[in-house]
Amino acid sequence: MINLAVLCFRRPVEAVGGGRLLALPLAVFLLAGPYCLPAWAAFKFTPFVRVESGFDDNVRLTQEARSDFYVTANPGFSLDWQEPTSQLRLAGDLRYSEYYRLSEYTQVEGGNASLVWDYMPSPRWKFQVYDKYSSTFDPPEVDEQGRLILVRGDSGRRDSNTAGAQVRHNFSRDDYVAAEMRTSQTSYSEEEVEDSRNHYFTFSGAHRLNVDWRTEAEGFWSHSDYERSDDTNYLGGSASLVRALGPTMEAMLTLGYTEIKTITDDPFLRQSRDYKTYRAGFGFAHKVSPTFRWDASAGWAYVDADREANQAAGDTQPVFSASASWNGQRWQLNADVFSSLGEQELVGENLGLTISHGMGVNYTYELSKHWKFSVNAAYVFNDYKQNAMRTGLQSGGDVESIMAGMALSWQFAKRASLVLDYRYLSRDSEDDQDDREQNRIFLTLIYEHPYRW
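Below: a short report on this structure. All residue numbers refer to positions counted from 1 along the written sequence of the respective chain. The predicted origin of the model limits local features to residues at a pLDDT of at least 70 and limits the giving and counting of side-chain atom pairs to 80 or more, whereas totals for whole chains, interfaces and linings rest on all residues. Side-chain calculation: all heavy atoms of the structure are included, whereas hydrogens and water are not.

**Overview of the nonpolar core**
Grouped burial of nonpolar side chains is what soluble globular proteins tend to show. Threshold: For the purposes of this section, nonpolar cores are sets of buried Ala, Val, Leu, Ile, Met, Phe, Trp, Tyr and Cys residues that join through side-chain atoms within 4.5 Å. For every residue, the accessible area obtained with a 1.4 Å probe (protein chains only) is divided by the maximum for its type, and the residue is called buried under 20%, exposed over 50%, and partly exposed between those limits. Each helix corresponds to a stretch of at least 4 residues labelled H or I by DSSP, and each strand to a stretch of at least 2 residues labelled E; elements are numbered beginning at the N terminus.
Within the largest apolar cluster, eleven residues are counted, these being Tyr226, Tyr234, Ile260, Tyr275, Ala301, Val303, Ala312, Val319, Leu341, Leu353 and Ile355. Put simply, the parts of the chain that give this core at least two residues each are strand S17 (292–305) and strand S20 (349–366). If you look at the next biggest cluster of nonpolar residues, it comprises nine residues, including Phe43, Leu79, Leu90 and Tyr119.

Next up, the structure:
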């Protein structure tokens, strides 16, 4: 019999960069014991491997581009248990790359490990506990949409671990309360890059007033603890009043507030760094048909801050967003456009108050039963509003980013597929040293084989 306690602690809960990682999700899972443990009969083990070979004209996105051919092997696995009220997934992978000329980059480039446990004792209650770890040598920082947010000056390893728990209770279909608490720790092998920790808590809920009206609200508090820089507190929230305009359309009025506070004894730095943001907006959402829906919102944001340190202080900034989705019998199209104002913080590195404008499109077409083609493009303009010299933030000025790509995939067997992929990325920064451009073309073989018991 497999010892689940040993299995859950297989990845050592040790220091990344010398610090101790949280084991809260694992501890909660073990303390739950046999009452929530998924059934052995629902066990599934899925090993997989991705082998990628291609050409990169700017390996690791360095300022002086260096190109090379490469081969990457990415083996991994997922381990799943499931029963009517509980689901557990343990997953992990490693990534090894071999370069033709740039032999100094030939190594294990990173890996991931995660444990996610969902527990639903009744239709009204849902609990989730998770722990997610990643390690990488890649110098650029990229968000979930693939946008290049920050160019790192170091070439060392970055380790990041996030542990958290969330709960949701549904009083009815439209009435609920939910809360989440998580802690992230990021450490670097390079000494000139500071480590950081972030503690985050959020609370949200909704209540239906009558057939046509409902209210929604959320609040958050976050604390960033930096190794050398001053710590920062973030707090805020929003409240919305929603009006149903029929079975497929609704309108929403939203008010929001955000406050940034620096933990420091230096009054000059505190005055330069701190600010408050007030937001008001009006939005629509319409599900026109089962195949087409759209939503849009527009409003204003006002920044209360020191004008000399924050270019947005005292100004009313228009903000908006719109998105649409079409689904055909063999195709899907998604498009969005936005203009936003908010704090940018990515993997522990604070970029401060930022005005962002962007647009994107993604199109997928099923050529035949086993062939699929996709194309995507996106543009983002980031205007960092805070004075980097006065605030000590990592970024300043304007940055334009362009991303584009296309892929052709072929599923040639039940558990195997090939993907031919091309990706383009361009970053044009006000600081010429942060300019980057990259073209990648690669072929990926993907194979997985699930085993069930």
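**Section: the pairing of strand S5 (residues 86–99)**
The two faces of a sheet get side chains in turn, since along a regular strand they alternate between them. We apply this condition: Whether two strands pair depends on DSSP finding at least two bridges between them.
Note that strand S4 (residues 68–83) and S5 share twelve bridges and pair antiparallel. From the neighbouring strand, threonine 72 faces S5, where its bridge partner is serine 97. Hairpin geometry of S4 and S5 is characterised by an intervening segment of two residues between the two adjacent antiparallel strands. Inspection of the sheet shows S5 paired to strand S6 (residues 107–122) by twelve bridges, in the antiparallel sense. Note that in S6 the partner of arginine 95 across the bridge is glycine 110.

**Here we look at the pattern of salt bridges**
Heads up, the rule is: Each salt bridge in this description consists of a side-chain nitrogen of Lys or Arg and a carboxyl oxygen of Asp or Glu lying within 4 Å of one another.
For the structure on display, the rule yields 18 salt bridges. Note that arginine 157 and aspartate 159 form a salt bridge whose closest N and O atoms lie 2.8 Å from each other. The exposure class assigned to arginine 157 is partly exposed, which follows from its relative accessible area of 31%. In this structure, arginine 182 engages glutamate 180 in a salt bridge whose closest nitrogen and oxygen atoms are separated by 3.7 Å. One network of salt bridges, with partners in common, ties together Glu52, Asp56 and Arg440.

**Focus on a negative patch on the surface**
Note the following rule: Patch criteria: residues need more than 30% relative accessible area and no salt bridge. Like-charged residues are merged within 9 Å; nonpolar side chains of Val, Leu, Ile, Met, Phe, Trp and Tyr are merged within 5 Å. Shrake-Rupley sampling with a 1.4 Å probe provides the accessible areas, and residues are treated as covered by the protein chains on show and by no other component. All tallies of charge rest on Lys and Arg as positive and Asp and Glu as negative; His and the ends of each chain are not included. Charge positions are represented by NZ for Lys, CZ for Arg, CG for Asp and CD for Glu.
Side chains of Glu400, Asp428, Glu430, Asp431 and Asp432 sit close together on the surface and give a patch of like negative charge. When you line up the elements, aspartate 428 lands in strand S23 (residues 416–429).

**What about the pairing of S23?**
Bridging between strand S22 (residues 397–413) and S23 involves 13 bridges; their strand directions are antiparallel. Looking at S23, one finds that methionine 406 is bridged to tyrosine 422. Taking the residues between adjacent antiparallel strands as the criterion, S22 and S23 are bridged by two residues. Two elements, S23 and strand S24 (residues 436–448), share twelve bridges in a ladder whose sense is antiparallel. What sits directly across from aspartate 421, in S24, is phenylalanine 442. Here S23 folds back onto S24 in antiparallel fashion, the turn holding six residues.

**Quick notes on the environment of phenylalanine 282**
With respect to the element layout, phenylalanine 282 can be found in strand S16 (residues 275–289). For phenylalanine 282 and threonine 254, which are 28 residues apart along the polypeptide, the C-alpha to C-alpha distance reads 6.3 Å.

**Quick notes on a nonpolar patch on the surface**
There is a patch of nonpolar side chains on the surface, built from Val51, Val71, Leu367, Trp371, Trp410, Phe412 and Leu445 and spanning about 560 Å² of accessible area. Examined against the element boundaries, leucine 445 turns out to sit in strand S24. Note on leucine 445: relative accessible area 36%, which makes it partly exposed.

**Looking at unusual backbone geometry**
Peptide bonds are trans in most cases, and residues, glycine excluded, mostly fall at negative phi. With phi around 60°, arginine 60 is a residue other than glycine that occupies positive phi space. The exposure class assigned to arginine 60 is buried, which follows from its relative accessible area of 9%. The phi torsion at leucine 61 lies on the positive side, around 50°, for a residue other than glycine. Mapped onto the elements of the fold, leucine 61 is located in the loop between strand S3 (44–56) and S4. A residue is classified by how much of its surface remains accessible, and leucine 61, at 7% relative accessible area, is buried.

**Description of the side chain of aspartate 118**
Going by this rule: It only takes one pair of heavy atoms within 4.5 Å for two residues to be counted as in contact.
Of note, aspartate 118 is situated in strand S6. Buried aspartate 118, no salt bridge; nearest opposite-charge side chain is lysine 126, N-O distance 4.5 Å. For aspartate 118, the contacting residues outside a window of four places in its chain are Thr85, Ser86, Gln87, Lys126, Phe127 and Gln128.

**Some thoughts on the environment of tyrosine 70**
For the record, the criterion: N or O atoms within 3.5 Å of each other form a polar contact, as long as, within protein, one can give a hydrogen and the other can take it, and as long as residues adjacent in sequence are counted only when both atoms are side-chain atoms.
Mapping tyrosine 70 onto the fold places it in strand S4. Taking the relative accessible area as the measure of exposure, tyrosine 70 reaches 5% and is therefore buried. Sequence separation between tyrosine 70 and glutamate 98 is 28 residues; the distance between their C-alpha atoms is 5.6 Å. Apart from the residues within four sequence positions on either side, tyrosine 70 is in contact with Glu52, Ser53, Gly54, Phe55, Asp56, Glu98, Tyr99, Arg440 and Phe442. Within the local environment of tyrosine 70, its side chain forms a polar contact with the side chain of glutamate 52, the two groups lying 2.6 Å apart.

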